[in-house]
Amino acid sequence: MKEIKGLLTKDLLQLKSYQKTLIVFILVFIGTAIAQSNAKGVSSMLIFMMTFGLGMFSMASFSYDEMAKADTYLLSMPLTRKDMVKEKYILSICAVIIGAIIGLVASLVGNIALSYIKPEFSGIEFNIIETLGLLVGSILGVGLMQCIQIPCVFKWGAEKGRLQILVIIGLLALIIGGAFLLIGKMDLAISPTQEIQNFVMTYLPVILLVVAVGIYYGSYRISLKIVKKKEM
Amino acid sequence: MENAIEIKKLTKKYPGFTLEGINLSLPKGTIMGFIGENGAGKSTTIKTMLNIIPKNKGEVNILGKNMETSEKRIKEEIGVVLDDSFLSDYLNLEDIDKIMKQFYQKWDKNLFYTYSKQFNLPKGKKIKEYSTGMKMKLKIATALSHHPKLLILDEPTSGLDPVVRNEMLDIFRDFIQDDEHSIFLSSHITSDLEHIADYITFIHQGKIILSKSRDELLEQYGVARCSQKDFETINPSDYIHYKKNRYQIDILVENRTQFKKKYQQLCIDKPSIEEIMLLSIKGDK
C-alpha cells in the first residue's frame, strides 16, 4: 500500500503546478455558467464540466511521467508494474469523484449567486433527484472515457494516446449511431414490458454501479496486460 | 568471494539487436566498470538485469538473491542511477524526499539533505532549473539515501565537466570504503574507470568481449607499435588485435612481458583502457 501512496504523492506533487490553472478553470466555468444559463443550466453545466475537467486533469500525470521517462526509473525501485497501473486508476477515479463533488458545490454556489444576479430565476426549484442523476451520469460518462483512455495512453503514450482515443470514441459513436439508424430503418418496435421497466428503475443505482465496476475492472486488466509487456 | 552481481546467459532480443548470453560477476566490495561504445548494449544490460525490460533468457542474482523471486527485496537494497530517466522536472528536493520515503523502508531524510547540502543542491528550486551536473548529483544523492549495498549506475559521468566528474568519483570512492558495498558502473569515459574500477568489462554489439581485473589489463596487456615489415614477422597467435594506422601498426597483446622477450626489437607500451577498447572493437584479428 505504501507503494501506491508513494505513486499518488508523486502524481499529486507533479500536478501541483496545475493548481492555479485549476482554480482559474473553476472560476471561469462558474462565471460562464451564471452568465449564460438559468438555474438548471448552471447545475448541469458545472457538474459535468468539473467532473470532466478534473478527470482530464488527472490524465496529465501521464504526460509528466512520459517527459521524465519516470516509469523506467520507478521500475528500478521496489515497485511493480501492477502498482503503477493500479495507482493510475485510483488517481483517475478519485479525480472524477472529487470533480463531481466540486461541481456539485459550485452549482449550489452558482445557484445562490444566480438568485442575486438574475432574480427572475430565483423561483426555479433545485431538484435534488435530477441533480444527483446528473452527478452519477457525469461520473459514469467521464469514467467510461477514462476507461478507454487509460489503456490507450499506456499503449501509445500520452500524446499518441489522445489521438487514439478520438479515433476510438469516433468509431464508437459511429457504431452506436449506425445501430440506431439501422433499427429505425428496420422499423422495429422495441418496447420493454412494464415489469422490465420497473426492475430497471428500482435497481438502476445497483445496475449502474455493477456496470461501472465491470468497465473499470476490464479496463484495468487490459492496461495491466499492456504494461506487463511494455518495454520501458 | 561472494558476488554482489551474478548474471548468467542474460539474453534480450530486439529486431536488429541482440544482447547475447551475457555472463558477468561482480565480487562484493569492488567496483566494476562496464564499458562499450554508444549502442553496444550497456543500458539494455542494466535495464534487463533490473527487470525494467523483460528478458528473453538468463538468470540474475543480486546480493545473493534471485531477481525472479526476490525483486522487491533486491530493489530495497540497491541504488540505481539511470542516464535518461528520473522523476519529473517539476519537483523539488522536498517533493523527492516525500515520495522516496514511501518507496524505501530505509529512506534516510537526514542523509538525503546531508548529500544535497554537500552537493550544493538548492532546496526550493525545481529540478528543471538545475544544471546537468546538479541533476546528476541529485540522482546520485537519491540513490545513496536509503543505505544501499550496491549502486548500479548507468553513465553517471556523461555530460559532466571534469571538476564535477571528479567529485562524483570521490563520492563513489567514499561509498566503497565499506566492504559490504559494491558498484556497477557503466561509462564510455574510460579514463574515469581507470581511476576507480577494480574490474573492467567490455561490451560490443551486445556481447561481452572481455571481462578482467583492471590491474590484469593494465599490467599484463600491452600495445606494440611497429612497421608493416616488422608486423609480418609476428606470429598471429602472439597478439589479440591489430590496427593499421597511417604510419604504423598498433598491436594489442595479452602478455606484455612475454611479447617483449620474444620480439625484443619492438617497442611495447603499457596500454590505456581506451586503447584496449579501441583495438578490441575497431582492430582486426
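Criteria and cut-off values
- Residues numbered from 1 in each chain as written.
- Chains lettered and ligands numbered in written order.
- Predicted model: local features only at pLDDT ≥ 70, side-chain atom pairs only at ≥ 80, totals over all residues.
- Heavy atoms only, no water.
- Axes fitted to C-alpha atoms, helices over the stretch in contact; angles between N-to-C directions.
- Helix = DSSP H or I, 4+ residues; strand = E, 2+ residues; numbered from the N terminus.
- Parallel < 35°, antiparallel > 145°, perpendicular 65-115°, else oblique.
- Left-handed = near helix turned anticlockwise from the far one by under 90°.
- Contact = heavy atoms within 4.5 Å.
- Nonpolar A, V, L, I, M, F, W, Y, C, P; charged D, E, K, R; others polar.
- Buried area = accessible area lost by both parts, 1.4 Å probe.
- Salt bridge = Lys/Arg side-chain N within 4 Å of Asp/Glu carboxyl O.
- Polar contact = N/O pair within 3.5 Å; in protein donor to acceptor, adjacent residues only side chain to side chain.
- Patch = residues over 30% accessible without salt bridge, like charges linked within 9 Å, V, L, I, M, F, W, Y side chains within 5 Å.
- Areas by Shrake-Rupley, 256 points an atom, 1.4 Å probe, with all protein chains shown as cover.
- pLDDT = per-residue confidence, 0-100.
- Phe/Tyr/Trp six-rings, centres within 6.5 Å; stacked < 30°, edge-to-face > 60°.
- Buried < 20%, exposed > 50% of the residue type's maximum accessible area, 1.4 Å probe, protein only.
- Lys NZ or Arg CZ within 6 Å of the ring centre and 35° of its normal.
- Disulfide = S-S within 2.5 Å.
- Lys, Arg positive; Asp, Glu negative; His and termini not counted.
- Charge placed at Lys NZ, Arg CZ, Asp CG, Glu CD.
- Pairing = 2+ DSSP bridges.

Enquirer: Explain the packing of helix α6 (residues 128-156) of chain A against helix α7 (residues 158-186) of chain A to me, please; I cannot follow it from the model alone.
Expert: A pair of packed helices can be characterised by two numbers: the angle between their axes and the separation between those axes. Residues and elements named next belong to chain A. It is at 8 Å that the axes of α6 and α7 come closest, and there the two elements cross at 135°. As far as their axial angle goes, α7 and α6 are oblique. Read as a crossing pair, α6 and α7 show a hand that is right-handed. On α7, the residues that touch Met 145, Ile 148, Gln 149, Cys 152, Val 153 and Trp 156 of α6 are Ala 158, Lys 160, Gly 161, Arg 162, Gln 164, Ile 165, Ile 168, Ile 169 and Leu 172. Classifying every residue of the contact of α6 with α7 by side-chain character gives 10 nonpolar, three polar and two charged.

Enquirer: I'm lost on the interface of chain B and chain A in this one. Help?
Expert: Think of interface size as the accessible area that goes away when the parts come together; that is how it is often given. At the junction of the two partners, chain B supplies 30 residues and chain A supplies 31 residues. Summing both sides of the interface, chain B and chain A together bury roughly 2,700 Å²; the carbon and sulfur share of this comes to 62%. When the buried surface of chain B facing chain A is broken down by residue, Lys 72, Gln 102 and Phe 103 of chain B rank first, second and third, together holding 26% of it. Taking the shortest distance from any N to any O, the salt bridge between Lys 69 of chain A and Asp 84 of chain B comes out at 3.7 Å. Linking chain B to chain A there are seven residue pairs in polar contact (both at pLDDT 80 or more). For the side of chain B that touches chain A, the secondary structure elements donating two or more residues are β1 (3-14), α2 (67-76) and α3 (93-103) of chain B. With seven residues, the top contributor of residues to the side of chain B that touches chain A is α3 of chain B.

Enquirer: Can you help me understand a nonpolar patch on the surface in this one?
Expert: Residues Leu 144, Phe 199, Tyr 203, Val 206, Ile 207, Val 210, Val 211 and Ile 215 of chain A make up a contiguous nonpolar surface patch of about 690 Å² in total accessible area. Note that Ile 215 of chain A resides in helix α8 (residues 194-229).

Enquirer: How should the confidence of the model for chain A be read in this particular structure?
Expert: Detailed reading of predicted coordinates is not advised where the pLDDT is low. Averaged over all residues, the pLDDT of chain A equals 83, while 89% of them reach at least 70. Per-element averaging of pLDDT across chain A places α7 of chain A at the bottom with 76 and helix α4 (residues 70-74) of chain A at the top with 95.

Enquirer: Got a minute to help me understand the packing of aromatic side chains in this structure?
Expert: What characterises a pair of aromatic rings is the spacing of the ring centres plus the angle enclosed by the ring planes. Tallied over the full model, the rule gives 17 aromatic pairs over all chains. Consider the rings of Phe 231 of chain B and Tyr 242 of chain B, whose centres lie 4.7 Å apart with planes at 50°: the pair is tilted. Residue Phe 231 of chain B is located in helix α9 (residues 228-231), and its partner Tyr 242 of chain B is located in strand β12 (residues 241-244); the two are separated by 11 residues in the primary sequence. Overall, the relative accessible area of 15% leaves Tyr 242 of chain B in the buried class. Pairwise contacts between aromatic rings join Tyr 18, Phe 57 and Tyr 64 of chain A together with Tyr 90 of chain B into one cluster. Above the face of the Tyr 14 of chain B ring, Lys 12 of chain B is positioned so that its terminal group lies 5.3 Å from the ring centre.

Enquirer: Hey, could you run me through the state of the cysteines in this one?
Expert: Each disulfide consists of a covalent bond between the sulfur atoms of two cysteine residues. Residue and element names in this part refer to chain A. Counting across every chain of the model gives zero disulfides over all chains. Free cysteine Cys 94: the closest other cysteine sulfur is in Cys 147, separated by 14 Å. Cysteine Cys 147 shares no disulfide, and the gap to the nearest cysteine sulfur, in Cys 152, comes to 11 Å.

Enquirer: What exactly am I supposed to notice about a positive patch on the surface here?
Expert: A surface patch of positive charge is lined by Lys 2 and Lys 5 of chain A together with Lys 98 and Lys 101 of chain B. Going through the elements one at a time, α1 (2-15) of chain A together with α3 of chain B are the ones with two or more residues in the positive patch. Position of Lys 101 of chain B among the secondary structure elements: in helix α3.

Enquirer: Would you take a moment to explain the sheet that holds strand β6 (residues 78-81) of chain B for this structure?
Expert: Hydrogen bonds between backbone groups are what pair the strands of a sheet, and the pairing can be parallel or antiparallel. Residue and element names in this part refer to chain B. Within the open sheet, the six strands sit side by side as β6-β7-β8-β3-β9-β10. Their pairing is mixed. At either margin of the open sheet sits one strand with a lone partner, and together these are β6 and β10 (207-213). On average, each strand axis in the sheet is inclined to that of its neighbour by 15°, with strand direction left out of account. Pairing geometry for strand β7 (residues 150-154) and strand β8 (residues 182-187), over five bridges, is parallel. Across the sheet, the residue bridging to Leu 153 is Leu 185, located in β8.

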